[in-house]
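Single-letter residue listing:
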Amino acid sequence: MKKIYKALNIISNNSHLFKCPVCGSKMSILDSPTLACDNKHSFDLARQGYINMLLKSNKTKYDRDMLKSRSIIAKSGFFDPMLQEICDLIVKKAGFENTQAKFILDAGCGGGSHLSRILTTLKAESDISLQGVGIDISKGGISIAARDYEGIIWCVADLANLPFNDKQFNVVLNILSPASYTEFSRILKDSGILIKVVPGKDYLIQLRNIFYDRTDKKSYSNEQVIHLFTQNFNMIEHKMCSYNVALNEISLRHLLNMTPLTWNVEKEKLEKAIEMGIREVTADFHIIIGKKF
Ligand SMILES: C[S@@+](CC[C@H](N)C(=O)[O-])C[C@H]1O[C@@H](n2cnc3c(N)ncnc32)[C@H](O)[C@@H]1O
(Lines give C-alpha, C1' and ligand atoms only; values in the text may rest on other atoms or scores of the structure.)
Protein backbone atom coordinates (compact mmCIF):
# COMPACT_ATOMS: atom_id res chain seq x y z
CA MET A 1 0.00 0.00 0.00
CA LYS A 2 1.25 3.51 -0.81
CA LYS A 3 2.56 5.58 2.11
CA ILE A 4 -0.13 8.20 1.72
CA TYR A 5 -2.92 5.60 2.14
CA LYS A 6 -1.21 4.00 5.15
CA ALA A 7 -1.01 7.46 6.75
CA LEU A 8 -4.63 8.12 5.80
CA ASN A 9 -5.69 4.92 7.58
CA ILE A 10 -3.89 5.79 10.80
CA ILE A 11 -5.19 9.38 10.82
CA SER A 12 -8.70 8.17 10.03
CA ASN A 13 -8.58 5.69 12.95
CA ASN A 14 -7.40 8.47 15.25
CA SER A 15 -9.30 11.46 13.88
CA HIS A 16 -10.71 12.14 17.39
CA LEU A 17 -7.26 13.52 18.30
CA PHE A 18 -7.50 16.39 15.84
CA LYS A 19 -9.08 19.81 16.03
CA CYS A 20 -8.99 22.43 13.34
CA PRO A 21 -6.03 24.81 13.90
CA VAL A 22 -8.10 27.61 12.26
CA CYS A 23 -11.48 27.43 14.02
CA GLY A 24 -11.07 24.69 16.64
CA SER A 25 -13.89 22.49 15.33
CA LYS A 26 -13.91 18.72 14.94
CA MET A 27 -12.15 17.07 11.98
CA SER A 28 -12.65 14.05 9.80
CA ILE A 29 -11.12 12.43 6.76
CA LEU A 30 -12.68 13.14 3.36
CA ASP A 31 -12.50 10.69 0.45
CA SER A 32 -9.62 12.55 -1.11
CA PRO A 33 -6.59 12.30 1.16
CA THR A 34 -7.66 15.34 3.16
CA LEU A 35 -8.42 16.07 6.80
CA ALA A 36 -11.20 18.67 6.97
CA CYS A 37 -13.26 20.35 9.66
CA ASP A 38 -17.01 21.05 9.84
CA ASN A 39 -16.30 24.59 8.59
CA LYS A 40 -14.48 23.22 5.53
CA HIS A 41 -10.92 24.18 6.51
CA SER A 42 -8.98 21.39 4.89
CA PHE A 43 -5.43 19.99 5.05
CA ASP A 44 -4.06 17.59 2.44
CA LEU A 45 -1.89 14.61 3.18
CA ALA A 46 1.46 14.64 1.37
CA ARG A 47 2.28 11.61 -0.77
CA GLN A 48 5.27 10.93 1.55
CA GLY A 49 2.73 10.12 4.31
CA TYR A 50 2.46 13.20 6.52
CA ILE A 51 -0.04 16.00 7.00
CA ASN A 52 0.77 19.70 6.91
CA MET A 53 -1.40 21.68 9.36
CA LEU A 54 0.74 24.79 9.55
CA LEU A 55 -1.31 27.92 8.84
CA LYS A 56 1.47 29.92 7.22
CA SER A 57 4.72 28.70 5.77
CA ASN A 58 7.73 29.54 7.86
CA LYS A 59 11.43 29.83 7.18
CA THR A 60 13.37 27.87 9.76
CA LYS A 61 17.07 27.31 10.37
CA TYR A 62 16.12 23.71 11.20
CA ASP A 63 16.20 22.76 7.54
CA ARG A 64 16.23 19.33 5.93
CA ASP A 65 20.03 19.26 5.72
CA MET A 66 20.49 19.95 9.44
CA LEU A 67 17.78 17.50 10.50
CA LYS A 68 19.19 14.84 8.14
CA SER A 69 22.53 15.11 9.97
CA ARG A 70 20.65 14.97 13.29
CA SER A 71 18.90 11.85 12.14
CA ILE A 72 22.20 10.22 11.08
CA ILE A 73 23.74 11.06 14.48
CA ALA A 74 20.64 9.70 16.25
CA LYS A 75 20.77 6.46 14.23
CA SER A 76 24.46 6.07 15.22
CA GLY A 77 23.30 5.70 18.85
CA PHE A 78 24.37 9.12 20.12
CA PHE A 79 21.13 9.69 22.07
CA ASP A 80 20.45 6.04 23.04
CA PRO A 81 21.32 6.17 26.78
CA MET A 82 19.12 9.27 27.18
CA LEU A 83 16.26 7.63 25.23
CA GLN A 84 16.54 4.44 27.32
CA GLU A 85 16.29 6.58 30.46
CA ILE A 86 13.13 8.19 29.04
CA CYS A 87 11.59 4.75 28.36
CA ASP A 88 12.34 3.64 31.92
CA LEU A 89 10.78 6.83 33.27
CA ILE A 90 7.65 6.40 31.12
CA VAL A 91 7.22 2.87 32.47
CA LYS A 92 7.62 4.13 36.07
CA LYS A 93 5.72 7.41 35.91
CA ALA A 94 3.09 7.29 33.16
CA GLY A 95 0.75 4.94 35.02
CA PHE A 96 -0.12 2.75 32.02
CA GLU A 97 -2.13 0.42 34.26
CA ASN A 98 -5.17 -0.32 32.09
CA THR A 99 -5.12 -1.77 28.59
CA GLN A 100 -6.69 1.22 26.80
CA ALA A 101 -4.64 2.64 23.92
CA LYS A 102 -2.11 5.25 24.99
CA PHE A 103 -1.10 8.31 22.98
CA ILE A 104 2.40 9.78 22.97
CA LEU A 105 3.15 13.12 21.32
CA ASP A 106 6.67 14.27 20.47
CA ALA A 107 6.47 18.08 20.19
CA GLY A 108 9.45 19.32 18.13
CA CYS A 109 10.29 15.82 16.91
CA GLY A 110 12.74 16.86 14.14
CA GLY A 111 13.44 13.82 11.95
CA GLY A 112 11.37 11.56 14.21
CA SER A 113 14.04 9.09 15.30
CA HIS A 114 13.59 9.64 19.07
CA LEU A 115 9.85 8.95 18.99
CA SER A 116 10.28 5.89 16.80
CA ARG A 117 13.01 4.49 19.05
CA ILE A 118 10.99 5.12 22.23
CA LEU A 119 7.87 3.45 20.78
CA THR A 120 9.85 0.43 19.58
CA THR A 121 11.42 -0.03 23.03
CA LEU A 122 8.12 0.41 24.91
CA LYS A 123 6.25 -1.94 22.56
CA ALA A 124 8.91 -4.62 23.09
CA GLU A 125 8.43 -4.33 26.86
CA SER A 126 4.64 -4.33 27.05
CA ASP A 127 1.58 -5.28 25.01
CA ILE A 128 -0.27 -2.01 25.63
CA SER A 129 -1.40 -0.41 22.38
CA LEU A 130 0.59 2.79 21.80
CA GLN A 131 0.00 5.41 19.12
CA GLY A 132 2.77 7.93 18.47
CA VAL A 133 2.26 11.39 16.99
CA GLY A 134 5.20 13.58 15.99
CA ILE A 135 4.90 17.26 15.14
CA ASP A 136 7.50 19.76 14.02
CA ILE A 137 7.41 23.17 12.37
CA SER A 138 10.07 22.02 9.90
CA LYS A 139 8.59 20.38 6.80
CA GLY A 140 12.08 19.04 6.04
CA GLY A 141 12.19 17.27 9.41
CA ILE A 142 8.70 15.78 9.11
CA SER A 143 9.35 14.54 5.57
CA ILE A 144 12.46 12.68 6.84
CA ALA A 145 10.35 11.21 9.68
CA ALA A 146 7.60 10.06 7.27
CA ARG A 147 10.20 8.58 4.92
CA ASP A 148 11.91 6.61 7.68
CA TYR A 149 9.15 5.54 10.08
CA GLU A 150 5.70 4.11 9.41
CA GLY A 151 2.86 3.60 11.90
CA ILE A 152 3.29 7.05 13.48
CA ILE A 153 1.22 10.16 12.67
CA TRP A 154 3.62 12.81 11.32
CA CYS A 155 2.36 16.35 11.19
CA VAL A 156 3.87 19.73 10.26
CA ALA A 157 2.50 22.05 12.94
CA ASP A 158 3.41 24.79 15.38
CA LEU A 159 3.73 23.59 18.96
CA ALA A 160 2.28 26.94 20.06
CA ASN A 161 -0.98 26.13 18.19
CA LEU A 162 -1.34 22.35 18.34
CA PRO A 163 -4.05 20.90 16.06
CA PHE A 164 -5.26 18.52 18.78
CA ASN A 165 -8.25 18.39 21.09
CA ASP A 166 -7.95 18.89 24.85
CA LYS A 167 -6.83 16.00 27.10
CA GLN A 168 -5.85 13.53 24.38
CA PHE A 169 -2.28 12.53 25.28
CA ASN A 170 -0.86 10.34 28.05
CA VAL A 171 2.72 11.51 27.44
CA VAL A 172 4.15 14.63 25.79
CA LEU A 173 7.84 14.51 24.89
CA ASN A 174 9.71 17.76 24.33
CA ILE A 175 13.32 16.88 23.58
CA LEU A 176 15.86 19.67 23.01
CA SER A 177 13.08 21.80 21.49
CA PRO A 178 11.15 24.93 22.48
CA ALA A 179 8.09 24.49 24.71
CA SER A 180 4.56 25.85 24.91
CA TYR A 181 3.39 24.94 28.42
CA THR A 182 -0.13 26.26 27.87
CA GLU A 183 -0.59 23.97 24.89
CA PHE A 184 1.11 20.97 26.54
CA SER A 185 -1.14 21.36 29.57
CA ARG A 186 -4.25 21.66 27.38
CA ILE A 187 -3.65 18.51 25.31
CA LEU A 188 -2.41 16.28 28.17
CA LYS A 189 -4.87 14.06 30.00
CA ASP A 190 -5.19 14.94 33.70
CA SER A 191 -3.06 11.92 34.59
CA GLY A 192 -0.59 12.60 31.75
CA ILE A 193 3.09 13.46 32.03
CA LEU A 194 5.34 15.93 30.26
CA ILE A 195 8.94 14.83 29.70
CA LYS A 196 11.30 17.63 28.75
CA VAL A 197 14.97 17.21 27.90
CA VAL A 198 17.35 20.16 28.06
CA PRO A 199 21.12 20.21 27.60
CA GLY A 200 23.23 20.04 30.76
CA LYS A 201 26.23 22.33 31.34
CA ASP A 202 28.68 19.82 29.81
CA TYR A 203 26.65 19.08 26.67
CA LEU A 204 29.10 19.15 23.73
CA ILE A 205 31.56 21.00 25.96
CA GLN A 206 34.44 20.02 23.66
CA LEU A 207 32.84 22.06 20.84
CA ARG A 208 31.99 24.96 23.12
CA ASN A 209 35.63 25.11 24.29
CA ILE A 210 36.81 25.47 20.68
CA PHE A 211 34.17 27.83 19.32
CA TYR A 212 33.37 30.01 22.33
CA ASP A 213 36.67 30.22 24.21
CA ARG A 214 36.80 33.52 26.14
CA THR A 215 33.17 34.39 25.39
CA ASP A 216 30.13 34.19 27.66
CA LYS A 217 28.84 31.25 25.58
CA LYS A 218 31.70 29.03 26.83
CA SER A 219 29.83 28.14 29.98
CA TYR A 220 26.21 27.25 29.86
CA SER A 221 23.32 26.96 32.27
CA ASN A 222 19.73 25.93 31.80
CA GLU A 223 18.56 27.05 35.22
CA GLN A 224 16.06 29.52 33.78
CA VAL A 225 14.51 26.89 31.48
CA ILE A 226 14.09 24.53 34.43
CA HIS A 227 12.67 27.33 36.58
CA LEU A 228 10.09 28.13 33.88
CA PHE A 229 9.14 24.44 33.74
CA THR A 230 8.50 24.38 37.50
CA GLN A 231 6.30 27.46 37.23
CA ASN A 232 4.07 25.72 34.68
CA PHE A 233 4.17 22.05 35.72
CA ASN A 234 4.51 20.18 38.98
CA MET A 235 8.00 18.66 38.64
CA ILE A 236 7.92 15.04 39.84
CA GLU A 237 11.39 13.94 38.69
CA HIS A 238 14.67 15.56 37.67
CA LYS A 239 17.40 13.24 36.41
CA MET A 240 20.79 13.92 34.89
CA CYS A 241 22.04 11.68 32.11
CA SER A 242 25.72 12.10 31.10
CA TYR A 243 28.03 9.99 29.00
CA ASN A 244 30.80 10.28 26.42
CA VAL A 245 30.37 9.34 22.77
CA ALA A 246 33.19 8.29 20.40
CA LEU A 247 33.32 9.97 16.98
CA ASN A 248 35.01 9.39 13.65
CA GLU A 249 35.55 12.12 11.05
CA ILE A 250 32.21 11.51 9.31
CA SER A 251 30.20 11.56 12.52
CA LEU A 252 32.07 14.69 13.65
CA ARG A 253 31.00 16.46 10.44
CA HIS A 254 27.36 15.44 10.99
CA LEU A 255 27.55 16.51 14.64
CA LEU A 256 28.85 19.96 13.63
CA ASN A 257 26.05 20.20 11.06
CA MET A 258 23.26 19.11 13.42
CA THR A 259 23.81 21.45 16.36
CA PRO A 260 22.61 25.05 16.70
CA LEU A 261 25.91 25.62 18.59
CA THR A 262 27.67 26.08 15.24
CA TRP A 263 25.09 28.39 13.67
CA ASN A 264 27.20 31.54 14.05
CA VAL A 265 30.61 29.92 13.74
CA GLU A 266 32.76 30.80 10.71
CA LYS A 267 33.58 28.07 8.19
CA GLU A 268 37.34 28.26 8.94
CA LYS A 269 36.72 27.53 12.63
CA LEU A 270 34.55 24.54 11.67
CA GLU A 271 37.30 23.19 9.40
CA LYS A 272 39.83 23.75 12.20
CA ALA A 273 37.69 21.66 14.54
CA ILE A 274 37.66 18.85 11.95
CA GLU A 275 41.46 19.10 11.51
CA MET A 276 41.93 18.91 15.28
CA GLY A 277 40.29 15.50 15.03
CA ILE A 278 37.94 15.57 18.04
CA ARG A 279 37.31 11.89 18.75
CA GLU A 280 35.02 12.12 21.77
CA VAL A 281 32.25 14.45 22.94
CA THR A 282 30.14 14.63 26.07
CA ALA A 283 26.38 14.18 26.02
CA ASP A 284 24.86 15.72 29.14
CA PHE A 285 21.09 16.10 29.63
CA HIS A 286 18.56 17.15 32.24
CA ILE A 287 15.47 14.94 31.95
CA ILE A 288 12.59 16.60 33.78
CA ILE A 289 9.12 15.20 34.26
CA GLY A 290 6.07 17.16 35.24
CA LYS A 291 2.37 16.66 35.89
CA LYS A 292 -0.35 19.24 35.44
CA PHE A 293 -1.09 21.41 38.50
C1 LIG B 1 17.39 21.04 18.25
S2 LIG B 1 16.05 20.46 17.26
C3 LIG B 1 15.58 19.00 18.18
C4 LIG B 1 14.86 18.01 17.33
C5 LIG B 1 14.66 16.63 17.99
N6 LIG B 1 13.78 16.72 19.14
C7 LIG B 1 16.01 16.08 18.40
O8 LIG B 1 16.32 16.06 19.60
O9 LIG B 1 16.76 15.65 17.50
C10 LIG B 1 14.72 21.57 17.68
C11 LIG B 1 13.45 21.25 16.90
O12 LIG B 1 12.39 22.11 17.34
C13 LIG B 1 11.62 22.44 16.21
N14 LIG B 1 10.82 23.64 16.49
C15 LIG B 1 11.27 24.90 16.74
N16 LIG B 1 10.22 25.74 16.94
C17 LIG B 1 9.08 24.99 16.79
C18 LIG B 1 7.68 25.29 16.85
N19 LIG B 1 7.24 26.52 17.12
N20 LIG B 1 6.81 24.29 16.63
C21 LIG B 1 7.24 23.03 16.35
N22 LIG B 1 8.55 22.69 16.28
C23 LIG B 1 9.46 23.65 16.50
C24 LIG B 1 12.65 22.63 15.12
O25 LIG B 1 12.10 22.61 13.83
C26 LIG B 1 13.60 21.49 15.40
O27 LIG B 1 13.24 20.31 14.72
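Structure's up top.
For clarity, every value in this text was computed on a predicted model and none was experimentally measured.

Conventions used here
- Residues numbered from 1 in each chain as written.
- Predicted model: local features only at pLDDT ≥ 70, side-chain atom pairs only at ≥ 80, totals over all residues.
- Heavy atoms only, no water.
- Helix = DSSP H or I, 4+ residues; strand = E, 2+ residues; numbered from the N terminus.
- Buried < 20%, exposed > 50% of the residue type's maximum accessible area, 1.4 Å probe, protein only.
- Contact = heavy atoms within 4.5 Å.
- Near = heavy atom within 4 Å.
- Polar contact = N/O pair within 3.5 Å; in protein donor to acceptor, adjacent residues only side chain to side chain.
- Nonpolar A, V, L, I, M, F, W, Y, C, P; charged D, E, K, R; others polar.
- Right-handed = clockwise from strand over helix to strand, strands pointing away.
- Pairing = 2+ DSSP bridges.
- Core = buried A, V, L, I, M, F, W, Y, C linked by side-chain atoms within 4.5 Å.
- Axes fitted to C-alpha atoms, helices over the stretch in contact; angles between N-to-C directions.
- Disulfide = S-S within 2.5 Å.
- Salt bridge = Lys/Arg side-chain N within 4 Å of Asp/Glu carboxyl O.

Moving on, we come to the side chain of S69. Positionally, S69 belongs in helix α2 (residues 64–75). The buried category is assigned to S69, whose relative accessible area is 3%. With sequence-adjacent residues up to four places away left out, S69 is seen in contact with H254, N257 and M258.

Taken together, 17 residues lie near the ligand, and R70, G108, D136, D158 and I175 sit nearest. Contacts to the ligand include R70, whose side-chain N or O atom sits 2.5 Å from an oxygen atom. I175 places a main-chain nitrogen or oxygen 2.8 Å from a nitrogen atom of the ligand. Considered class by class, the residues forming the shell around the ligand number nine nonpolar, five polar and three charged.

The buried fraction of strand β5 (residues 102–107) amounts to six of the six residues, a majority that puts the element mostly inside the structure. Burial of the side chains of β5 extends over both faces: K102, I104 and D106 are buried on one face and F103, L105 and A107 on the other. Where the polypeptide runs from β5 across helix α4 (residues 113–125) and back to strand β6 (residues 130–136), its parallel neighbour, the crossover connection is right-handed. Summarising the sheet, β5 and strand β8 (residues 169–175) pair through three bridges and their orientation is parallel.

Ranked by internal contacts, the top residues of the largest apolar core, which has 60 residues, are F78, F79, M82, I86, I90, W154 and L173. When residues of this core are assigned to their parent elements, the largest contribution, six residues, is made by helix α3 (residues 80–93). Those residues in contact with W154 that sit more than four places away from it in its chain are Y50, I51, C109, G112, L115, G134, I142, A145, A146 and Y149. Core analysis: the next-biggest nonpolar cluster, separate from the first, contains 38 residues, I4, I135, A157 and L194 among them.

The eight strands are arranged β4-β7-β6-β5-β8-β9-β11-β10 in an open sheet whose pairing can be described as mixed. Of all strands in the sheet, those with a lone pairing partner are β4 (51–52) and β10 (234–246), marking the two edges. Across two bridges, the pairing between β4 and strand β7 (residues 153–156) is parallel. For I51, the partnering residue across the bridge sits in β7 and is C155. Each of β4, β6 and β7 is contacted by helix α5 (residues 139–148), which is oriented at about 165° to β7, the strand it contacts most.

Moving on, we come to the state of the cysteines. Going through the model one piece at a time under the given rule, you end up with zero disulfides. In this structure C20 is a free cysteine whose sulfur lies 3.8 Å from that of C23, the closest cysteine sulfur available. Looking at the unpaired C37, the closest cysteine sulfur is the one in C23, lying at 3.7 Å. Overall, the relative accessible area of 6% leaves C37 in the buried class.

For the rest of this paragraph, the subject is the pattern of salt bridges. Opposite charge on two side chains lets them pair, provided their charged atoms get close. Scanning the model with the defined rule gives 13 salt bridges in all. Here K6 and E150 are joined by a salt bridge, their closest N and O atoms 3.1 Å apart. Here K6, found in helix α1 (residues 3–13), pairs with E150, found in the loop between α5 and β7; they are 144 residues apart in sequence, far enough to count as distant. Of the residues examined, E150 reaches a relative accessible area of 48% and is grouped as partly exposed. With a shortest N-O distance of 2.8 Å, E183 and R186 are connected by a salt bridge. Linking E183 with R186, this pair stays in helix α6 (residues 181–187), spanning three residues, or about one helical turn. R186 carries the same exposure label as E183, and that label is buried. Beyond isolated ion pairs, a larger network of salt bridges with shared partners links K75, R147 and D148.

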